[in-house]
Amino acid sequence: MVSTRTSALESLKPDALDPEGATSAAANAAERDALGDRLIQGSMRRSFNSNIDIDWDAPQDPDLFYLPPEMMSLYGTPLWESMTHRQRVELSRQEAANTLTRAVWFENTLNQGLLRAMLHQDPTSRNVHYALTEIGDETRHMVMFGRAVSAIGALPYRLSRREALAVQAMPLAYRGLMLWVAALCGEEVIDESQKQNARHPDVQPIMLQVFRIHVTEEARHIRYAREGVRRRIARAPWWERQFVATANGGAAFILRRLYYDKEVYRRCGLPVREAMRQARNNEQVRARRRESFEGLHGFLTENGLLNPISRLMWRSHGFL
Ligand SMILES: [Fe+2]
Ligand SMILES: [Fe+2]
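So, a few notes on the structure that sits alongside this text. (Residues numbered from 1 in each chain as written. Chains lettered and ligands numbered in written order. Predicted model: local features only at pLDDT ≥ 70, side-chain atom pairs only at ≥ 80, totals over all residues. Heavy atoms only, no water.)

### A word on the overall build of the protein
Moving on, step 1. Summing up its helical and strand segments, the protein has 15 helices and zero strands in all.
Moving on, step 2. Taken over the C-alpha trace, the protein has a radius of gyration of 21 Å; the compact-globule value for 320 residues is 20 Å, and the two agree within 12%.
Moving on, step 3. Seen through its principal axes, the protein has C-alpha atoms that stretch 70 × 45 × 35 Å.
Moving on, step 4. Within the protein, the fraction of its 320 residues that count as buried is 50%.
Moving on, step 5. In the protein, once contacts between residues fewer than 6 apart in sequence are set aside, the share between residues at least 24 apart is 82%.
Moving on, step 6. Roughly 15600 Å² of accessible area belongs to the protein as shown, and the carbon and sulfur atoms make up 56% of that amount.
Moving on, step 7. Measuring between centres, the 43 positive side-chain charges of the protein sit 5 Å from its 38 negative side-chain charges. (Helix = DSSP H or I, 4+ residues; strand = E, 2+ residues; numbered from the N terminus. Rg over C-alpha atoms; globule rule 2.2 N^0.38 Å. Buried < 20%, exposed > 50% of the residue type's maximum accessible area, 1.4 Å probe, protein only. Contact = heavy atoms within 4.5 Å. Areas by Shrake-Rupley, 256 points an atom, 1.4 Å probe, with all protein chains shown as cover. Lys, Arg positive; Asp, Glu negative; His and termini not counted. Charge placed at Lys NZ, Arg CZ, Asp CG, Glu CD.)

### Let's talk about the coordination of the iron ion (ligand 1)
Four donors placed tetrahedrally about a metal ideally form angles of 109.5 degrees, and six donors placed octahedrally ideally form angles of 90 or 180 degrees.
Moving on, step 1. At 1.9 to 2.3 Å from the iron ion (ligand 1) lie its protein donor atoms, namely Glu107 (OE), Glu138 (OE), His141 (ND1), His214 (NE2) and Glu218 (OE).
Moving on, step 2. Here the donor residues of the iron ion (ligand 1) are spaced in sequence according to E-x30-E-x2-H-x72-H-x3-E.
Moving on, step 3. Residue classification places His214 among the buried positions, given a relative accessible area of 4%.
Moving on, step 4. Exposure remark for Glu218: the relative accessible area of 1% places this residue in the buried category. (Donors = N, O, S within 2.8 Å, 3.2 Å for Na, K, Ca; no water.)

### As for the coordination of the iron ion (ligand 2)
Moving on, step 1. At this site the iron ion (ligand 2) is bound by Glu138 (OE), Glu187 (OE), Glu218 (OE), Glu218 (OE) and His221 (ND1), with donor distances of 2.0 to 2.4 Å.
Moving on, step 2. Of note, the donors binding the iron ion (ligand 2) are all from one chain and are spaced E-x48-E-x30-E-x2-H.
Moving on, step 3. In this structure the iron ion (ligand 1) is found 3.5 Å away from the iron ion (ligand 2), and Glu138 serves as a bridging donor for the pair. Taken together, the residues Glu187 in helix α8 (residues 177–197) and Glu218 in helix α9 (residues 205–235) connect sequence positions 31 residues apart.

### Some details on helix α7 (residues 161–173)
Moving on, step 1. For α7, the set of buried residues is Val167, Met170 and Pro171. Burial along α7 is one-sided: seen end-on, the buried residues are contained in an arc of 85°. When the buried face of α7 is taken as reference, the exposed residues oriented beyond 90 degrees from it are Arg161, Arg162, Leu165 and Gln168.
Moving on, step 2. Those residues of α7 that are buried lie in contact with α5 (85–118) and α11 (250–259). (Arc of directions from axis to C-beta.)

### Points about the packing of α5 against α9
Moving on, step 1. Two numbers describe how α5 lies on α9: the axes approach to 13 Å, and their chain directions differ by 30°. Taken as axis vectors, α5 and α9 run roughly parallel relative to one another. Considering the relative orientation of α5 and α9, their crossing is left-handed. Counting all contacts with α5, which are made through Ala96, Leu100 and Glu107, the residues of α9 involved are Met207, Val210, His214 and Glu218.
Moving on, step 2. Across the contact of α5 with α9, the residue classes tally to four nonpolar, one polar and two charged. (Axes fitted to C-alpha atoms, helices over the stretch in contact; angles between N-to-C directions. Parallel < 35°, antiparallel > 145°, perpendicular 65-115°, else oblique. Left-handed = near helix turned anticlockwise from the far one by under 90°. Nonpolar A, V, L, I, M, F, W, Y, C, P; charged D, E, K, R; others polar.)

### Quick word on the side chain of Glu95
Moving on, step 1. Structurally, Glu95 can be placed in helix α5.
Moving on, step 2. The side chain of Glu95 sits in the buried core without any salt bridge; Arg289 is the nearest counter-charge, 9.4 Å away.
Moving on, step 3. Among all residues touching Glu95, those that are not within four sequence positions of it are Leu67, Met72, Ser73, Tyr259, Val264 and Tyr265. (Salt bridge = Lys/Arg side-chain N within 4 Å of Asp/Glu carboxyl O.)

### Structural notes on the environment of Val189
Moving on, step 1. Looking at the element boundaries, Val189 is found in helix α8.
Moving on, step 2. With 101 residues separating them along the chain, Val189 and Arg290 place their C-alpha atoms 9.5 Å apart.
Moving on, step 3. Beyond its immediate chain neighbours, meaning those up to four positions away, Val189 contacts Leu184, Leu255, Tyr259, Ser292, Phe293, Leu296 and Phe319.

### Digging into the nonpolar core
Moving on, step 1. Counting 85 residues, the largest nonpolar core has Leu74, Leu91, Met207, Tyr265 and Trp314 as its most contacted members.
Moving on, step 2. Ignoring anything within four residues of it in the chain, the contact list for Tyr265 reads Ser73, Leu74, Leu91, Glu95, Tyr260, Leu270, Val272, Ala275, Met276 and Ala279. (Core = buried A, V, L, I, M, F, W, Y, C linked by side-chain atoms within 4.5 Å.)

### Topic: empty space enclosed by the protein
Moving on, step 1. The final tally for this structure, using the stated rule, is three cavities of 30 Å³ or more.
Moving on, step 2. Quantified by volume, the largest cavity comes out at close to 240 Å³.
Moving on, step 3. Around the largest cavity, the lining comprises 17 residues; the ones closest to its centre are Leu67, Thr99, Ser193, Asn197 and Leu258.
Moving on, step 4. Listed by contribution, the elements that provide at least two residues to the lining of the largest cavity are α5, α8, α9 and α11.
Moving on, step 5. Grouping the amino acids of the lining of the largest cavity by side-chain chemistry returns 12 nonpolar, four polar and one charged.
Moving on, step 6. Looking at the lining of the second largest cavity, the element that brings in the most residues is α5, giving three residues.
Moving on, step 7. A per-class count over the lining of the second largest cavity returns six nonpolar, one polar and no charged. (1 Å grid on protein atoms, 1.4 Å probe; cavity = no way out; pocket = protein on both sides within 12 Å on 5 of 7 lines; lining within 4 Å. Points joined across faces, edges and corners; volume = space filled by probe spheres on them.)

Here's what the structure looks like:
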């Protein structure tokens with residue numbers, strides 16, 4: 001059962017001086033805790049540990065893809081047509097490894113954001129307990145993604161020193177509304193693509209298992225983040241809403257590299273410049289990218305969290 005009491009810490013907030021504010025703060029906290037409790041119940045019923053739930057040593061068919069071909073950056077391009085089947089499989093292995101490694105550092109930043117926020121929260125609340133449960137999910141995902149990269153015989157895509165510094169700065173901006181919107185930008189877009197990938201007959205079973213585990217657990221995270229947005233937006237000042245409505249466009253720049261990246265083509269021995277050009281102009285793959293952004297686009301629009309600047313960024317990176 002969820003306790004609906006106002007915690008000792010809540011009662012010290014300035015709202016306590018204003019009876020109406022205090023009532024709404026208490027109602028807010030109760031709502032947050034009820035959701036946290038439901039999500040914890042869901043986590044207890046359905047959580048995975050890739051160390052046990054994935055058969056890492058299962059043989060891999062050298063002719064099966066690591067990502068569905070139609071999700072790959074060069075699918076259908078002249079370059080693609082010139083490649084042998086095995087070269088295409090190799091491209092899928094490298095693109096999968098690129099996505100998996102980028103997901104590891106994204107989850108790292110999200111965990112940092114959640115942990116920082118927790119320093120201001122009541123450690124007895126179910127809301128905080130769920131945030132910790134989610135961090136646990138994410139650390140298991142990081143192990144799963146890292147292990148998947150080595151299991152498929154690829155090398156990780158490491159951040160350069162400059163990129164690592166930029167990524168370290170990201171969680172500093174994950175406060176209030178920005179934390180939840182940043183979580184959704186990473187989670188919803190990746191989740192949508194993985195949902196489409198999770199039942200593909202031409203994909204290695206090991207990758208299908210990874211996608212299924214991730215999609216199942218991310219559903220709870222997305223719900224938590226969407227509720228976070230709804231709650232925060234009701235009391236966020238205009239400047240915070242404007243900041244978030246602008247800054248989310250930066251995610252398009254980061255996410256684009258999940259879909260095509262120079263280093264992937266270099267590792268596959270493809271002409272890098274030409275591959276980048278063809279990937280950028282690949283209309284069928286852009287259509288997939290737009291599909292993966294549809295849900296989040298609807299949600300951001302509904303909540304007034306897109307403006308001309310962020311729309312331009314999402315559009316110029318092929319998500320709109
Ligand atoms: Fe995750
Ligand atoms: Fe997540």
